[in-house]
Amino acid sequence: MRLPSAALAASLVCLFVAPVLAQAPAPAASPTATVPVPAAKRVTCLATTASLKGQDKRDQLQLCLAQARLDCLKQAIDQKIVGEARKSFIKTCVGGDAAEQR
């Protein structure tokens, strides 16, 4: 099982991403203000699966990206983003289509 190494990779990515996010300006008070970090979630998923190979890597990457999309969808719902704006927000939040990765 290579789960501990994936967790280690995820924590290392968080060490690099957290200071960048902490320095970002505070979002506007408007509930429709959307400030996703482009591709951050995709990069995190790629980093956590870097040590895996074959089917394990594909499975874990697919699960991670699905969770990232769900997190972005929840964020869009909380911000009451609907329609085409929601699709665009989710795509930007996750970091693009899963098909682009292949």
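Look up a bit, the structure's there.
What counts and what doesn't
- Residues numbered from 1 in each chain as written.
- Predicted model: local features only at pLDDT ≥ 70, side-chain atom pairs only at ≥ 80, totals over all residues.
- Heavy atoms only, no water.
- Salt bridge = Lys/Arg side-chain N within 4 Å of Asp/Glu carboxyl O.
- Helix = DSSP H or I, 4+ residues; strand = E, 2+ residues; numbered from the N terminus.
- Buried < 20%, exposed > 50% of the residue type's maximum accessible area, 1.4 Å probe, protein only.
- Axes fitted to C-alpha atoms, helices over the stretch in contact; angles between N-to-C directions.
- Parallel < 35°, antiparallel > 145°, perpendicular 65-115°, else oblique.
- Left-handed = near helix turned anticlockwise from the far one by under 90°.
- Contact = heavy atoms within 4.5 Å.
- Nonpolar A, V, L, I, M, F, W, Y, C, P; charged D, E, K, R; others polar.
- Disulfide = S-S within 2.5 Å.
- Expected span 1.5 Å × (residues − 1).
- Arc of directions from axis to C-beta.

**Observations regarding the pattern of salt bridges**
- Taken as a whole and assessed by the stated rule, the structure comprises one salt bridge.
- Between Lys87 and Glu84 there is a salt bridge, and its shortest N-O distance comes to 3.7 Å. Taken together, the residues Lys87 and Glu84, both in helix 4 (residues 83–94) and three residues apart, mark about one turn of the helix.
- Relative accessible area serves as the criterion here: at 57%, Lys87 is assigned to the exposed category.

**Here we look at the packing of helix 2 (residues 40–48) against helix 3 (residues 54–78)**
- At their nearest, the axes of helix 2 and helix 3 sit 9 Å apart, and the two run at 155° to each other. Viewed along their axes, helix 2 and helix 3 adopt a mutual orientation that is roughly antiparallel. In the packing of helix 2 onto helix 3, the handedness of the crossing is right-handed. Only Leu61, Cys64, Leu65, Ala68, Asp71 and Cys72 of helix 3 make contact with helix 2, whose side of the interface consists of Lys41, Arg42, Cys45, Leu46 and Thr48.
- Across the contact of helix 2 with helix 3, the residue classes tally to seven nonpolar, one polar and three charged.

**Concerning the state of the cysteines**
- With the rule as written, the count across this model stands at two disulfides.
- The residue that forms a disulfide with Cys45 is Cys64, at a sulfur-sulfur distance of 2.1 Å. Note on the Cys45 and Cys64 pair: the S-S dihedral is about -80°, so by sign convention the disulfide is left-handed. Taken together, the positions of Cys45 in helix 2 and Cys64 in helix 3 put the pair 19 residues apart, joining distant regions of the chain.

**Points about helix 4**
- With twelve residues, helix 4 extends 17 Å between its outermost C-alpha atoms, agreeing within 8% with the 16 Å of an ideal straight helix rising 1.5 Å per residue.
- Among all positions in helix 4, only Phe89, Ile90, Cys93 and Val94 are buried. Across the axial projection of helix 4, the buried residues extend over an arc of 115°, all falling on one side. Counted as exposed and oriented over 90 degrees from the buried face of helix 4: Glu84 and Lys87.
- Gly95 lies just past helix 4 and shows a positive phi near 115°.

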